[in-house]
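Secondary and tertiary structure notes
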Amino acid sequence: MALQPTQNVVMHLVVDDAGPWWKRAMDAGFEIAMPLELAFWGDFYGQMKDKFGITWAVVSSKNS
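Heads up: these notes are all about the structure in this document. (Residues numbered from 1 in each chain as written. Predicted model: local features only at pLDDT ≥ 70, side-chain atom pairs only at ≥ 80, totals over all residues. Heavy atoms only, no water.)

1. With respect to helix α1 (residues 18-27)
Selection rule: Any residue under 20% of the maximum accessible area for its type is buried, any over 50% is exposed, and the rest in between are partly exposed; the area is computed with a 1.4 Å probe on protein chains only. Put simply, DSSP H or I for four residues or longer makes a helix, DSSP E for two residues or longer makes a strand, and each gets a number counted from the N terminus. Directions from the helix axis toward the C-beta atoms define the arc. In protein, a polar contact requires one atom able to donate a hydrogen and another able to accept it; more generally it is a pair of N or O atoms within 3.5 Å, and residues adjacent in sequence count only if both atoms are side-chain atoms.
Turning to α1, its buried residues are A18, G19, W22 and A25. Seen end-on, α1 carries its buried residues on one side only, within an arc spanning 135 degrees. Set apart from the buried face of α1 by more than 90 degrees, the exposed residues are K23, R24 and D27. Near the N-terminus of α1, the side chain that reaches the backbone nitrogen of G19, with its oxygen 3.3 Å away, is that of D17. Within two residues after α1, G29 carries a phi angle of roughly 100 degrees, on the positive side.

So this is what it looks like as structure tokens:
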């Protein structure tokens, strides 16, 4: 059976400060799916995909 891309799965990382985690992922070659920005609910939130097609979200109340 061939490997199928993931569907409808998002791994959430709830961190103290989103900025360094986001930079680390970008430096590692992740692709931006949703830019890291201040969301309507008051937290910083963004989504990215790794080289395997897995979507990761970073969420934090702080972004430095």
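Moving on from the model shown.
2. With respect to the pairing of strand β2 (residues 31-38)
We apply this condition: At least two bridges found by DSSP between two strands are what make those strands a pair.
Bridge count between β2 and strand β3 (residues 44-49): five bridges; the pairing is antiparallel. The residue bridging E37 from the neighbouring strand is Y45, located in β3. Linking two consecutive strands that pair antiparallel, namely β2 and β3, is a turn of five residues; a positive phi of about 105 degrees is found at G42 within it.

3. Brief notes about the side chain of T55
To be explicit about the condition: What makes two residues a contact is simply this: any of their non-hydrogen atoms within 4.5 Å.
In this fold, T55 is placed in strand β4 (residues 55-60). Assessed through its relative accessible area of 9%, T55 is described here as buried. Ignoring any residue separated from it by four or fewer positions in sequence, one finds T55 in contact with V9, V10, M11, Q47, M48 and K49.

4. Some remarks on the environment of V14
Summarising the element assignment, V14 is placed in strand β1 (residues 10-14). Along the chain, V14 and V58 lie 44 residues apart, while their C-alpha atoms are 6.1 Å from each other.

5. A few points about the environment of D16
Within the element layout of this structure, D16 appears in the loop between β1 and α1. With 44 residues separating them along the chain, D16 and S60 place their C-alpha atoms 5.8 Å apart. If near-sequence neighbours (up to four positions away) are discounted, D16 is found in contact with S60 and K62.

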